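Observations on chain architecture
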Amino acid sequence: MQNTVHFILQGKGGIGKTLVSTILAQWLKSKDETPLRCYDTDQENPTFSRYKSLNVKHVPVMTESRTIDPKRFDALMIDILEEDGNCVIDNGANTFSPLVAYLIENDCFSLLEESGRKVYIHTIVGGGDTLHDTAMGFVSTAKSTNVPLVLWENEHFGLLQSASGKSFLESQTYAENSSRVKGRVVLEQRNADTFGADLKKMNTGRLTLDEVKGSDKFNVMEKQRIKVIFKDLYEQLDRVDW
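Residues numbered from 1 in each chain as written. Predicted model: local features only at pLDDT ≥ 70, side-chain atom pairs only at ≥ 80, totals over all residues. Heavy atoms only, no water.

Remarks on the overall build of the chain
Along its length, the chain carries 9 helices and 7 strands. The C-alpha atoms of the chain give 18 Å as radius of gyration, which agrees with the globular expectation for 242 residues (18 Å, within 12%). Projected onto its principal axes, the C-alpha coordinates of the chain cover approximately 50 × 45 × 40 Å. For the chain, with 242 residues in total, the buried portion stands at 50%. Seen as two clouds, the 29 positive and the 34 negative side-chain charges of the chain have centres 4 Å apart. (Helix = DSSP H or I, 4+ residues; strand = E, 2+ residues; numbered from the N terminus. Rg over C-alpha atoms; globule rule 2.2 N^0.38 Å. Buried < 20%, exposed > 50% of the residue type's maximum accessible area, 1.4 Å probe, protein only. Lys, Arg positive; Asp, Glu negative; His and termini not counted. Charge placed at Lys NZ, Arg CZ, Asp CG, Glu CD.)

Next up, the structure:
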């Protein structure tokens, strides 16, 4: 994993983009000594930038009049292109459309490829009531770009299946775009009273796995459950066709 650029793109807010960004960043960091650079373009709730150990750089694209200035994304692209390494770019619902429009209009994916970067888009599809909106977001992203996709299936909102019981992976929506998907990562819904509570405690503290391991604020079983979660996620990321 060298000179890869990972955009976390999904228009629906609160679906887990920052969670995916933090997991992906930690996995990349664990792979080798390749420099990792992280960016947060969310203007309303820049949670990713609060993970101090990941040294996330906030990209201020909102003007004083609270409008998005697309030219300010230039600073992001220049920063990515200036140095080698792996990059993770988180974005918020407020910057999704402006960022995607900027990337397409300026043919940024081709620019990154031509500069020796391998680009991936990570898109999240949630279960339960979020399935329809996030599935449409998956389709929109797949049809508007030719970049390899990594699908994250977030079960924390419920199973990814329709009212009739058909799973998202069995749907025509997925079938028509599945050739673009290089891998899938399932954010499994685990016991909310144990695994869920421990993960929430970790995320509320803006902590990484390594920080949890060294913290005296987590007991041995809390640390064990978090290690189980990350072992599963890392193994799934290892199986992606990078």
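Let us keep going from here.
Describing helix H1 (residues 17-31)
Its 15 residues place the ends of H1 21 Å apart at the C-alpha level, agreeing with the 21 Å of an ideal helix rising 1.5 Å per residue. Counting buried residues in H1 gives 12 out of 15 residues, a clear majority hidden from the surface. Listed in full, the buried residues belonging to H1 are Lys17, Thr18, Leu19, Val20, Ser21, Thr22, Ile23, Leu24, Ala25, Gln26, Trp27 and Leu28. (Expected span 1.5 Å × (residues − 1).)

Quick look at the sheet that holds strand S5 (residues 118-126)
In space, the 7 strands of this open sheet follow the order S3-S2-S4-S1-S5-S6-S7, with parallel pairing throughout. Unpaired on one side and paired on the other, strand S3 (56-58) and strand S7 (181-187) mark the two borders of the sheet. Ignoring strand direction, the axes of neighbouring strands in this sheet form an average angle of 20 degrees. In terms of strand pairing, strand S2 (residues 36-40) meets S3 through 3 bridges, oriented parallel. Each residue of the ladder has a partner; that of Tyr39, found in S3, is Lys57. Where helix H5 (residues 131-144) meets the sheet, its contacts fall on S5, strand S6 (149-154) and S7, and the angle it forms with S5 comes to roughly 160 degrees. (Pairing = 2+ DSSP bridges. Axes fitted to C-alpha atoms, helices over the stretch in contact; angles between N-to-C directions. Contact = heavy atoms within 4.5 Å.)

The values are spatial; any link to function lies outside them.
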